[in-house]
Number of protein chains: 2
Amino acid sequence: MAPALDVPEEETAVPFNNTTSDEVAISKSKVTVVGSGNWGSVAAKLIASNTLRLASFHEEVRMWVYEETLPNGEKLTDVINRTNENVKYVPGIKLGKNVVADPDLENAVKDSNMLVFVTPHQFMEGICRRLVGKVKGHVEAISLIKGMEVKMEGPCMISTLISQQLGINCCVLMGANIANEIAVEKFSEATVGYRENREIAEKWVQLFTTPYFMVTAVQDVEGVELCGTLKNVVAIAAGFVDGLEMGNNTKAAIMRIGLREMKAFSKMLFPSVKDSTFFESCGVADLITTCLGGRNRKVAEAFAKNEGKRSFDELEAEMLQGQKLQGVSTAREVYEVLSHRGWLEFFPVFTTVHEISIGRLPPSAIVRFSVEGST
Amino acid sequence: MAPALDVPEEETAVPFNNTTSDEVAISKSKVTVVGSGNWGSVAAKLIASNTLRLASFHEEVRMWVYEETLPNGEKLTDVINRTNENVKYVPGIKLGKNVVADPDLENAVKDSNMLVFVTPHQFMEGICRRLVGKVKGHVEAISLIKGMEVKMEGPCMISTLISQQLGINCCVLMGANIANEIAVEKFSEATVGYRENREIAEKWVQLFTTPYFMVTAVQDVEGVELCGTLKNVVAIAAGFVDGLEMGNNTKAAIMRIGLREMKAFSKMLFPSVKDSTFFESCGVADLITTCLGGRNRKVAEAFAKNEGKRSFDELEAEMLQGQKLQGVSTAREVYEVLSHRGWLEFFPVFTTVHEISIGRLPPSAIVRFSVEGST
């Protein structure tokens, strides 16, 4: 008996013919998560709970894992597949028995028509190169990656990189989503940004939404993606304020000026970006949670406490157990864009964060310069 | 020799004729601060540093103090005038020798043409009644008070109450301004909201601005004032989330939904309210600082930790040493407005905060109901 479909049939859904019964094959979507850090693993957990529940998806969720050998000699993928836990990045959290870790990138994506990209952004160009010609037609993608690539011709968002390199449509999902909190099922919201096709956006919403993870869609890919990307730069600034023990008013002021720069930068690059996007979870809420508890804030606080005498690379290696800090590299990329376009003076928070992070200014400059520049 | 004027002459400036020389009297503005809690005292300190420096103001800043007898038998005003400190509300902070504490309200305002109102909002109706006919013509007012009066005919903002009762123009000043941080000169921003006269707004900006207190003016009295008022309700919600230890994503989500309700409520009451106001210090920044460190958040956290078994009145008396909690009474006033207009269902955060605070719902309802209602 064919299971009831929970969602309207989609034009782009790809038939997947491994039914063993005589019944008419149902167009089921198959999902692969490309990436398995803490956010990737938690995303796989969210998705896997829904593919079990919703008849329009294949139960199995494949997760591409950058293979590592653990201290006990076992392969990370073997441990994930045996225990259903990513013991390295989210220990103690069951991802679901239908999550299958796969160390082979091409194999992991070959049968899927919904690809979820969630790796550190600096790896995406290499991953895309390896996937060219390897993903099927009519595949849909979504990027959970914060960051951008700066090229000679200007900045390139990760969703654009994916779209251009692989020739597929790419949405984004961003929001107030500290992974470790979602892992233990504390309530969060998120925002899906889409370009034109509302139905695809709704399908992503459906794939991610759980009782503790509420997702809404807005038609503003660039706005949503730039929120997720740029907020990490503001979080570095907020971390400096924390490290300098300047108090909540100052932190709120720097966050506010930072939010204004996020909005201005996004709209100067993409005039289609909407103000209302900054009131969504991907905007003000993500900024808040990242500036309260995220890793960029935490390492920047340590940087300021050490008066800039220990580098971000050193602190990152010591404090983050292999996770990557996005804010510092994004600040450098934003600085390149601003410098190239002659906009540095209009973005004192962004500019000052970069100049502090490379040691050109002391951490205390974050207030002095951000405030002077913003008047 | 007439001192150089730092500001353009103002049409409404009142001549003040106590010059003892033969020179032409300069139109100097004289300032009275009505209120002397911690924010009132810190406001007097900011203002007093500027009246010393700027020739367009009389040096003396009068501060009306609700007289109290201290445990050692001395009058509070006597101690302030002897030590230049408000030993009760901001001990250890010099307000400036040109701040004169005055226990007599009518005397305190009689020579002034710039009145700064900064009392708990529930006292303002009584204060206005006492001042009717006692303030001179051409007097300008500014309100730093958060809250509103709910009357049969609808809500009445404090700035409107002052304008109507005293027949004078009234601006507002709101922002990310936890008083104790400004007292020790940590950097903050604030927003002046004005109705029509930009020059008056600029004069208030000049009176309050210091190197560590940056003020900007926007033409949106209601928007600025409602931001300052309503954020206290959201802070109560944020405090509940803290008390329940639900994490930063959840807190950010509730703050975001709360901000959206602030915007919607303000625009439904006053269609002239601007979206951009919510990006000013009075908007997102004040919301952030209040939800990170303010007294509403703190007492609400304690309320949730006690599972609502100890009332807000009891916790306020124990935790705030005589300061008043604005969020709970504002929540009740907002609830009355929403209830009267049939809007309760559109404002789940505001509604739920009130129902928790009166014991009708448990603190844990803050997420369950706010989220359900917002979908």
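What counts, and where the lines are drawn
- Residues numbered from 1 in each chain as written.
- Chains lettered and ligands numbered in written order.
- Predicted model: local features only at pLDDT ≥ 70, side-chain atom pairs only at ≥ 80, totals over all residues.
- Heavy atoms only, no water.
- Buried < 20%, exposed > 50% of the residue type's maximum accessible area, 1.4 Å probe, protein only.
- Helix = DSSP H or I, 4+ residues; strand = E, 2+ residues; numbered from the N terminus.
- Phe/Tyr/Trp six-rings, centres within 6.5 Å; stacked < 30°, edge-to-face > 60°.
- Least-squares fit on C-alpha atoms with pLDDT ≥ 70 in both.
- Contact = heavy atoms within 4.5 Å.
- pLDDT = per-residue confidence, 0-100.
- Domains from an automatic or database assignment.
- Buried area = accessible area lost by both parts, 1.4 Å probe.
- Polar contact = N/O pair within 3.5 Å; in protein donor to acceptor, adjacent residues only side chain to side chain.
- Nonpolar A, V, L, I, M, F, W, Y, C, P; charged D, E, K, R; others polar.
- Pairing = 2+ DSSP bridges.
- Axes fitted to C-alpha atoms, helices over the stretch in contact; angles between N-to-C directions.
- Right-handed = clockwise from strand over helix to strand, strands pointing away.
- Disulfide = S-S within 2.5 Å.
- Core = buried A, V, L, I, M, F, W, Y, C linked by side-chain atoms within 4.5 Å.
- UniProt positions renumbered as here; feature names shortened; annotations may be inferred.
- Salt bridge = Lys/Arg side-chain N within 4 Å of Asp/Glu carboxyl O.

So, helix H14 (residues 348-357) of chain B
All names here are of chain B.
At step 1: The buried fraction of H14 amounts to 10 of the 10 residues, a majority that puts the element mostly inside the structure.
At step 2: Among all positions of H14, only Pro348, Val349, Phe350, Thr351, Thr352, Val353, His354, Glu355, Ile356 and Ser357 are buried.
At step 3: Positioned one or two residues after H14, Gly359 has a phi angle of 85°, which is positive.

Let's talk about the packing of aromatic side chains
At step 1: Counting across every chain of the model gives 17 aromatic pairs over all chains.
At step 2: Taken together, a centroid distance of 5.9 Å and an interplanar angle of 5° make the contact between Phe347 of chain A and Phe350 of chain A stacked. In this structure, Phe347 of chain A and Phe350 of chain A share a single accessibility class: buried.
At step 3: Centre to centre, the rings of Phe265 of chain B and Phe350 of chain B are 6.0 Å apart; their planes meet at 85°, and the pair counts as edge-to-face. Placement of the pair is Phe265 of chain B in helix H9 (residues 248-269) and Phe350 of chain B in helix H14, with a sequence separation of 85 residues.

Thoughts on the relation of the copies chain B and chain A
At step 1: Overlay of chain B on chain A (RMSD 0.0 Å): rotation 180°, translation along the axis 0.0 Å. Read as a symmetry element, the transformation amounts to a two-fold axis.
At step 2: A shared interface surface links the copies, since 100% of the contact residues of chain B are contact residues in chain A too.

Describing the confidence of the model for chain A
At step 1: Across chain A, the average pLDDT comes to 90, with 91% of residues at 70 or higher.
At step 2: Both scores are given for the predicted complex: the pTM is 0.88, the ipTM 0.88.

With respect to the domain arrangement of chain A
All names here are of chain A.
At step 1: What the domain assignment lists for chain A is domain 1 (21-219) and domain 2 (223-374).
At step 2: Domain 1 and domain 2 are separated by 26 Å when their C-alpha centres are compared.
At step 3: The partner domain 2 presents 33 residues to the 27 residues of domain 1 that form the contact.
At step 4: Between domain 1 and domain 2, roughly 2300 Å² of surface is buried when both sides are summed, and carbon and sulfur atoms account for 62% of that area.
At step 5: Interface area lost by domain 1 to domain 2 is led by Lys146, Met148 and Met157, which between them contribute 23%.
At step 6: There are nine residue pairs in polar contact (both at pLDDT 80 or more) connecting domain 1 and domain 2.
At step 7: The set of elements that each furnish at least two residues to the side of domain 1 that touches domain 2 consists of strand S6 (148-151), strand S7 (154-157), helix H5 (158-166), strand S8 (169-174), strand S9 (188-193) and strand S10 (213-218).
At step 8: Class assignment of the residues belonging to the side of domain 1 that touches domain 2 gives a composition of 14 nonpolar, 11 polar and two charged.

Description of the sheet that holds strand S4 (residues 114-117) of chain A
Residues and elements named next belong to chain A.
At step 1: Sheet architecture is open: eight strands sit in the order S3-S2-S1-S4-S5-S8-S9-S10, paired in mixed fashion. In the strand order of this sheet, the two ends are held by strand S3 (99-102) and S10, each with one partner. For this sheet, the mean angle separating the axes of adjacent strands, direction not counted, is 25°.
At step 2: In this structure, strand S1 (residues 29-34) lies alongside S4, joined through four bridges in parallel fashion. Across the sheet, residue Val33 finds its bridge partner in S4, namely Val116.

Some details on the pairing of strand S1 (residues 29-34) of chain B
Sheet faces and side chains relate simply in a regular strand, where the side chains alternate between the two faces.
Residues and elements named next belong to chain B.
At step 1: Of all the six residues making up S1, six are buried; the element is thus mostly covered by neighbouring parts of the structure.
At step 2: Going residue by residue along S1, you find Ser29, Val31 and Val33 tucked away on one face and Lys30, Thr32 and Val34 tucked away on the opposite face as well.
At step 3: Alignment of S1 against strand S2 (residues 57-64), held across five bridges, turns out to be parallel. The residue of S2 that forms the bridge with Val31 is Val61.
At step 4: On the question of chirality, the crossover connecting S1 to the parallel S2 by way of helix H1 (residues 38-53) is right-handed.

Re the sheet that holds S1 of chain B
All names here are of chain B.
At step 1: Here we have eight strands laid out as an open sheet, ordered S3-S2-S1-S4-S5-S8-S9-S10, and mixed in their pairing. At either margin of the open sheet sits one strand with a lone partner, and together these are strand S3 (99-102) and strand S10 (213-218). With strand direction ignored, the average angle separating the axes of adjacent strands in the sheet is 25°.
At step 2: Where strand S5 (residues 140-143) and strand S8 (residues 169-174) come together, four bridges link them in parallel fashion. Looking at the pairing, Ile142 lines up with Cys171 of S8.
At step 3: Along the sheet, H1 contacts S1, S2, S3, strand S4 (114-117), S8 and S10; its crossing angle with S2, the most-contacted strand, is approximately 165°.

Focus: the pairing of S9 of chain A
Residue and element names in this part refer to chain A.
At step 1: The buried fraction of S9 is high, at six of six residues.
At step 2: A two-sided burial pattern is seen for S9, the buried positions comprising Ser188, Ala190 and Val192 on one face and Glu189, Thr191 and Gly193 on the other.
At step 3: Alignment of S9 against S10, held across six bridges, turns out to be parallel. Paired with Thr191 across the two strands is Thr216, which belongs to S10.
At step 4: Crossover connection from S9 via helix H7 (residues 198-208) to parallel S10: handedness right-handed.

Focus on the state of the cysteines
At step 1: Summed over the entire model, instances satisfying the criterion amount to zero disulfides over all chains.
At step 2: Here Cys171 of chain A is not cross-linked by a disulfide; its sulfur's nearest cysteine counterpart is in Cys170 of chain A, at 6.9 Å.

Details of the environment of Leu259 of chain A
At step 1: Position of Leu259 of chain A relative to the elements: it lies in helix H9 (residues 248-269).
At step 2: Residue classification places Leu259 of chain A among the buried residues on the basis of a relative accessible area of 1%.
At step 3: Along the backbone, Leu259 of chain A and Leu230 of chain A are 29 residues apart, and their C-alpha atoms lie at a distance of 8.8 Å.
At step 4: Residues within four places of Leu259 of chain A in sequence aside, it is in contact with Phe278 and Leu287 of chain A together with Phe279 and Val284 of chain B.

Let's talk about the nonpolar core
The nonpolar side chains of a soluble globular protein tend to be buried, and buried together.
At step 1: Core analysis: the biggest nonpolar cluster contains 134 residues, and Phe265 and Phe350 of chain A together with Phe265 and Phe350 of chain B have the highest contact counts within it.
At step 2: Excluding its chain neighbours within four sequence positions, the residues that come into contact with Phe265 of chain B are Met148, Leu226, Leu230, Val334, Val337, Leu338, Phe347 and Phe350 of chain B.

Focus: the UniProt feature "binding site: NAD(+)" (unreviewed entry) in chain A
Residues and elements named next belong to chain A.
At step 1: Per the UniProt record, the feature "binding site: NAD(+)" (unreviewed entry) sits at Gly35, Ser36, Gly37, Asn38, Trp39, Gly40, Phe123, Ala179, Arg295, Lys324 and Gln326.
At step 2: Mapped onto the secondary structure, Gly37 falls in the loop between S1 and helix H1 (38-53).
At step 3: For Gly37, the residues in contact, after removing those within four places along its chain, are Asn86 and Tyr89.
At step 4: Summarising the element assignment, Lys324 is placed in the loop between helix H12 (312-319) and helix H13 (326-341).
At step 5: Residues in contact with Lys324, not counting those within four places in the same chain, are Pro120, Gln122, Arg295 and Glu316.

Here we look at the interface of chain B and chain A
At step 1: Facing the 39 residues of chain B at the interface are 39 residues of chain A.
At step 2: For chain B, the biggest contributors to the area lost against chain A are Asn249, Arg256 and Phe279 of chain B; these three give 25% of the whole.
At step 3: Connecting chain B to chain A are four salt bridges.
At step 4: In this structure, Arg256 of chain B and Glu189 of chain A form a salt bridge, with 2.7 Å as the shortest nitrogen-oxygen distance.
At step 5: Counting the contacts that link chain B with chain A gives 20 residue pairs in polar contact (both at pLDDT 80 or more).
At step 6: Elements that contribute at least two residues to the side of chain B that touches chain A include exactly helix H6 (179-183), strand S9 (188-193), H9, helix H10 (281-293) and helix H15 (365-374) of chain B.
At step 7: Among the elements that make up the side of chain B that touches chain A, the one with the highest residue count is H9 of chain B (11 residues).

Considering the UniProt feature "binding site: substrate" (unreviewed entry) in chain A
Residues and elements named next belong to chain A.
At step 1: On the UniProt side, "binding site: substrate" (unreviewed entry) is annotated at positions that read Lys146, Arg295 and Asn296 here. The largest pairwise C-alpha distance within this set of annotated residues, which runs over 151 residues, is 13.3 Å, so the set is compact in three dimensions.
At step 2: By the secondary structure assignment, Lys146 is in the loop between strand S5 (140-143) and S6.
At step 3: Classification of Lys146 by relative accessible area gives buried; the value is 8%.
At step 4: In this structure, Lys146 is in contact with Trp39, His121, Met174, Gly228, Thr229, Lys231, Asn232 and Gln326, ignoring residues within four places of it in sequence.
At step 5: Residue Arg295 is classed as partly exposed on the basis of its relative accessible area of 25%.
At step 6: Those residues in contact with Arg295 that sit more than four places away from it in its chain are Asn38, Leu320, Gln323, Lys324, Leu325 and Gln326.

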